[in-house]
Amino acid sequence: MNRAIDPARSVLIVVDAQCGFSELCPEELPVPGALSIVSAINRLLTLSWARIDATQDWHPVDHCSFFGQRDNLYPPHCVQGTRGAEFLPGLDTKCFHTVWRKGYYRDRDAYALTAQHPSYPALLKGMGIDTAVVCGLAKNICVFYTARDLRRSGLQVIIADDASAGIDVPAAGLFQDHARREAEELGIVYLNTRDILAACSSEA
Ligand code: VGL
Ligand code: ZN
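The following refers to the structure shown. (Residues numbered from 1 in each chain as written. Chains lettered and ligands numbered in written order. Predicted model: local features only at pLDDT ≥ 70, side-chain atom pairs only at ≥ 80, totals over all residues. Heavy atoms only, no water.)

## Details of the overall build of the protein chain
Line of reasoning, step 1. Along the backbone of the protein chain there are six helices and six strands.
Line of reasoning, step 2. Against the 2.2 N^0.38 benchmark of 17 Å for 204 residues, the protein chain shows a C-alpha radius of gyration of 16 Å, consistent with a compact globule.
Line of reasoning, step 3. With the C-alpha coordinates of the protein chain rotated into their principal frame, the extents come out at 50 × 30 × 30 Å.
Line of reasoning, step 4. The proportion of buried residues among the 204 residues of the protein chain is 54%.
Line of reasoning, step 5. Averaging the locations of the 19 positively and 24 negatively charged side chains of the protein chain gives two centres separated by 4 Å. (Helix = DSSP H or I, 4+ residues; strand = E, 2+ residues; numbered from the N terminus. Rg over C-alpha atoms; globule rule 2.2 N^0.38 Å. Buried < 20%, exposed > 50% of the residue type's maximum accessible area, 1.4 Å probe, protein only. Lys, Arg positive; Asp, Glu negative; His and termini not counted. Charge placed at Lys NZ, Arg CZ, Asp CG, Glu CD.)

## What to know about the site of ligand 1
Line of reasoning, step 1. Around ligand 1, the neighbouring residues are Asp 16, Phe 21, Leu 29, Asp 57, Tyr 74, His 77, Leu 137, Ala 138, Ile 141 and Cys 142.
Line of reasoning, step 2. Backbone polar atom of Cys 142 to an oxygen atom of ligand 1: 3.1 Å apart, as the coordinates give it.
Line of reasoning, step 3. When ligand 1 is considered free in solution it has 260 Å² of accessible area, and contact with the protein chains removes 99% of it.
Line of reasoning, step 4. Its residues assigned to classes, the shell around ligand 1 shows seven nonpolar, one polar and two charged. (Near = heavy atom within 4 Å. Polar contact = N/O pair within 3.5 Å; in protein donor to acceptor, adjacent residues only side chain to side chain. Areas by Shrake-Rupley, 256 points an atom, 1.4 Å probe, with all protein chains shown as cover. Nonpolar A, V, L, I, M, F, W, Y, C, P; charged D, E, K, R; others polar.)

## Quick word on the packing of helix 4 (residues 142–152) against helix 5 (residues 176–185)
Line of reasoning, step 1. Running from N to C, helix 4 and helix 5 point in directions that differ by 15 degrees, and their axes come no closer than 10 Å. Considering their axes alone, helix 4 and helix 5 lie roughly parallel with respect to each other. You can see that helix 4 and helix 5 cross each other, and the crossing is left-handed. Side by side, helix 4 and helix 5 meet where Phe 144, Arg 148 and Arg 152 of the first sit next to Ala 179, Glu 182 and Ala 183 of the second. (Axes fitted to C-alpha atoms, helices over the stretch in contact; angles between N-to-C directions. Parallel < 35°, antiparallel > 145°, perpendicular 65-115°, else oblique. Left-handed = near helix turned anticlockwise from the far one by under 90°. Contact = heavy atoms within 4.5 Å.)

## Section: the pattern of salt bridges
Line of reasoning, step 1. Per the counting criterion, the structure on display carries 13 salt bridges.
Line of reasoning, step 2. The salt bridge involving Arg 83 is made with Glu 86; its shortest N-O contact spans 3.6 Å.
Line of reasoning, step 3. Classification of Arg 83 by relative accessible area gives partly exposed; the value is 43%.
Line of reasoning, step 4. Exposure remark for Glu 86: the relative accessible area of 42% places this residue in the partly exposed category.
Line of reasoning, step 5. Measuring nitrogen to oxygen at the nearest pair gives 3.3 Å for the salt bridge that ties Arg 180 to Asp 161. Of this pair, Arg 180 sits in helix 5 while Asp 161 sits in strand 5 (residues 156–165), and the two are 19 residues apart along the sequence.
Line of reasoning, step 6. Arg 180 gets classed as partly exposed once you look at its relative accessible area, which sits at 31%.
Line of reasoning, step 7. According to the relative accessible area criterion, Asp 161 is buried, its value standing at 18%.
Line of reasoning, step 8. Residues participating in the shared-partner salt-bridge network are Lys 139, Asp 161, Arg 180 and Glu 184. (Salt bridge = Lys/Arg side-chain N within 4 Å of Asp/Glu carboxyl O.)

## Some thoughts on the packing of helix 1 (residues 38–45) against helix 6 (residues 193–201)
Line of reasoning, step 1. Where helix 1 meets helix 6, the closest approach of the two axes is 10 Å, and the angle between their N-to-C directions is 5 degrees. Judged by the inter-axis angle, helix 1 sits roughly parallel to helix 6. Within the contact between the two elements, helix 1 uses Ala 40, Arg 43 and Leu 44 and helix 6 uses Thr 193, Ile 196 and Leu 197.
Line of reasoning, step 2. Across the contact of helix 1 with helix 6, the residue classes tally to four nonpolar, one polar and one charged.

As structure tokens, this is what we get:
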């Protein structure tokens, strides 16, 4: 893969890299392999991106997506101010420029950064950013929906494969193979961190 990426015209988006989506909170929504993506994300964080954005799932205790609530889809997870909502240990959060919280309205879920913050693509375009590299959790849910929305808004979009981890949630109709197929049909490219780093330095 020798497509060049210019980090100065690109945003790195770290999606929901939170304890509540890891084995550290087994009663929440643990994504297999969540802890093992931290080192790849940290490597991506060392590049000179125009922006580094993180998202943080940030739910009230009675959020509509939780079991026993309106949508009844997920165990309670990433509740505001709890351990589950914290970023994964070892993640270089000091590199984040901006943290975008989402899912904070009780009656509305927001998988994508763009679902909660619809003017985000305009912010990127206003900065001359034409490429988004998206990583984090879960690869087929919030990473996928964020990547899809940005692709639809006209950006080149790359999902950092080994800096993301996914999980099938049949109750919500969310499957890893479906998401990947739909993403690739939209022209979203899956690359490993090593290839992203190489594509960034080939630009220089
Ligand atoms: C997510 C399900 C519910 C995610 C967030 O970050 O992928 N998935 N809330
Ligand atoms: Zn959530």
